[in-house]
Amino acid sequence: EAGVAQSPRYKIIEKRQSVAFWCNPISGHATLYWYQQILGQGPKLLIQFQNNGVVDDSQLPKDRFSAERLKGVDSTLKIQPAKLEDSAVYLCASSLGLAGFDTQYFGPGTRLTVL
Amino acid sequence: AQSVTQLGSHVSVSEGALVLLRCNYSSSVPPYLFWYVQYPNQGLQLLLKYTTGATLVKGINGFEAEFKKSETSFHLTKPSAHMSDAAEYFCAVSDPSGGSYIPTFGRGTSLIVHP
């Protein structure tokens, strides 16, 4: 079974530029998560989708971050414009359903450096 | 709002010694509890989880954790550390009280194993 795929693995941009990350979850998984993991901290949930609907985006900085999952499968997360404090690893995860006890399967992450 | 506290950002043990990583949570009702492990340059991987039933949970690689409601704790243990256990460990909580299961992660504990 293929795991969660993310691209790119690394990205370096200058502040005020825009960037997009892509995630393809495990086939059949209804729920998709985007996390921000700053160095030395645990993952912070940015947005949670079930199929193509948003379950929670309360911690997403909506003035600069956006995410979509149009067909209920893969997803993109965009930052425009980027700030220095956006430097982090962006993790995508998926789970079979929306139950709180469902295991999340994580991709390898995208390491973003904003200069 | 729920929170997760992992005591100690770094834990150092000798190979063969007991591993104890601490996790305390705050939640209005007993939550679902998880331990994930992250090896360098990899995504998070589930070690074990507590949902309901037996409070002592066994996971992969010889790890286990015990849910103690009275102490609001879910500490992770392993009787004998191996060099390959060196990684970052995250405790996570999924609180069912709000109607949707928003996951919250602790800051992580780095396990260092020395010969």
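The present account deals with the structure reproduced in this document. (Residues numbered from 1 in each chain as written. Chains lettered and ligands numbered in written order. Predicted model: local features only at pLDDT ≥ 70, side-chain atom pairs only at ≥ 80, totals over all residues. Heavy atoms only, no water.)

**So, the overall build of chain A**
Each helix and strand counted, chain A has zero helices and 11 strands in total. When the helices and strands of chain A are read in sequence order from the N terminus, they spell out β-β-β-β-β-β-β-β-β-β-β. Against the compact-globule benchmark of 13 Å for 115 residues, chain A has a radius of gyration of 13 Å, which places it among compact chains. By its C-alpha atoms, chain A is 40 × 25 × 25 Å across when sized along the principal axes. Per-residue burial for chain A yields a buried fraction of 47% across its 115 residues. Intrachain contacts of chain A at a sequence separation of at least 6 include 54% that bridge at least 24 residues. Of the accessible surface of chain A, which amounts to about 5600 Å², a share of 50% is contributed by carbon and sulfur atoms. Charge-centre separation for chain A: the mean point of 12 positive side chains lies 7 Å from the mean point of 10 negative side chains. (Helix = DSSP H or I, 4+ residues; strand = E, 2+ residues; numbered from the N terminus. Rg over C-alpha atoms; globule rule 2.2 N^0.38 Å. Buried < 20%, exposed > 50% of the residue type's maximum accessible area, 1.4 Å probe, protein only. Contact = heavy atoms within 4.5 Å. Areas by Shrake-Rupley, 256 points an atom, 1.4 Å probe, with all protein chains shown as cover. Lys, Arg positive; Asp, Glu negative; His and termini not counted. Charge placed at Lys NZ, Arg CZ, Asp CG, Glu CD.)

**Considering the state of the cysteines**
According to the stated counting rule, one finds two disulfides over all chains in the structure shown. Covalently, Cys23 of chain A is tied to Cys92 of chain A through a disulfide, its sulfur atoms 1.9 Å apart. Taking the sign of the S-S torsion, about -70 degrees here, the bridge from Cys23 of chain A to Cys92 of chain A comes out left-handed. With Cys23 of chain A in strand E3 (residues 19–24) and Cys92 of chain A in strand E9 (residues 88–95), the pair connects residues that are 69 residues apart, well separated along the chain. Taking the relative accessible area as the measure of exposure, Cys23 of chain A reaches 0% and is therefore buried. We classify Cys92 of chain A as buried; its relative accessible area is 0%. The side chain of Cys23 of chain B participates in a disulfide bridge whose partner is Cys91 of chain B; the two sulfur atoms lie 1.9 Å from each other. An S-S torsion of about -65 degrees defines the bridge between Cys23 of chain B and Cys91 of chain B as left-handed. (Disulfide = S-S within 2.5 Å.)

**Considerations on the sheet that holds strand E7 (residues 65–68) of chain A**
Sheets are built from strands that pair by backbone hydrogen bonding, the pairs being arranged parallel or antiparallel. All names here are of chain A. Across the sheet, four strands lie side by side as E1-E3-E8-E7; this open sheet has antiparallel pairing. Looking at which strands have only one partner, the edges of the open sheet turn out to be strand E1 (5–7) and E7. Ignoring strand direction, the axes of neighbouring strands in this sheet form an average angle of 15 degrees. In the sheet, E3 pairs with strand E8 (residues 75–79) via five bridges, with the strands oriented antiparallel. Residue pairing in the sheet places Phe21 in a bridge with Leu77 of E8. (Pairing = 2+ DSSP bridges. Axes fitted to C-alpha atoms, helices over the stretch in contact; angles between N-to-C directions.)

**Brief notes about the interface of chain A and chain B**
Every contact between the two is made by 25 residues of chain A and, on the other side, 20 residues of chain B. Counting the contacts that link chain A with chain B gives zero salt bridges. Elements with a minimum of two residues in the side of chain A that touches chain B: strand E4 (31–37), strand E5 (44–50) and strand E6 (53–56) of chain A. Considering every element that reaches the side of chain A that touches chain B, the biggest residue donor is E4 of chain A, with three residues. Residues that form the side of chain A that touches chain B fall into these classes: 12 nonpolar, nine polar and four charged. (Salt bridge = Lys/Arg side-chain N within 4 Å of Asp/Glu carboxyl O. Nonpolar A, V, L, I, M, F, W, Y, C, P; charged D, E, K, R; others polar.)

**A short note on the packing of aromatic side chains**
For the structure on display, the rule yields 13 aromatic pairs over all chains. Between the aromatic rings of Phe65 of chain A and Tyr90 of chain A, the centroid separation amounts to 6.4 Å while the plane-to-plane angle is 40 degrees, which identifies the pairing as tilted. Separated by 25 residues along the polypeptide, Phe65 of chain A in strand E7 and Tyr90 of chain A in strand E9 bring together distant segments of the chain. Like Tyr90 of chain A, Phe65 of chain A is buried. Among the aromatic residues, those joined into a cluster by ring pairs are Tyr33, Tyr35 and Phe106 of chain A together with Phe34, Tyr36 and Phe105 of chain B. (Phe/Tyr/Trp six-rings, centres within 6.5 Å; stacked < 30°, edge-to-face > 60°.)

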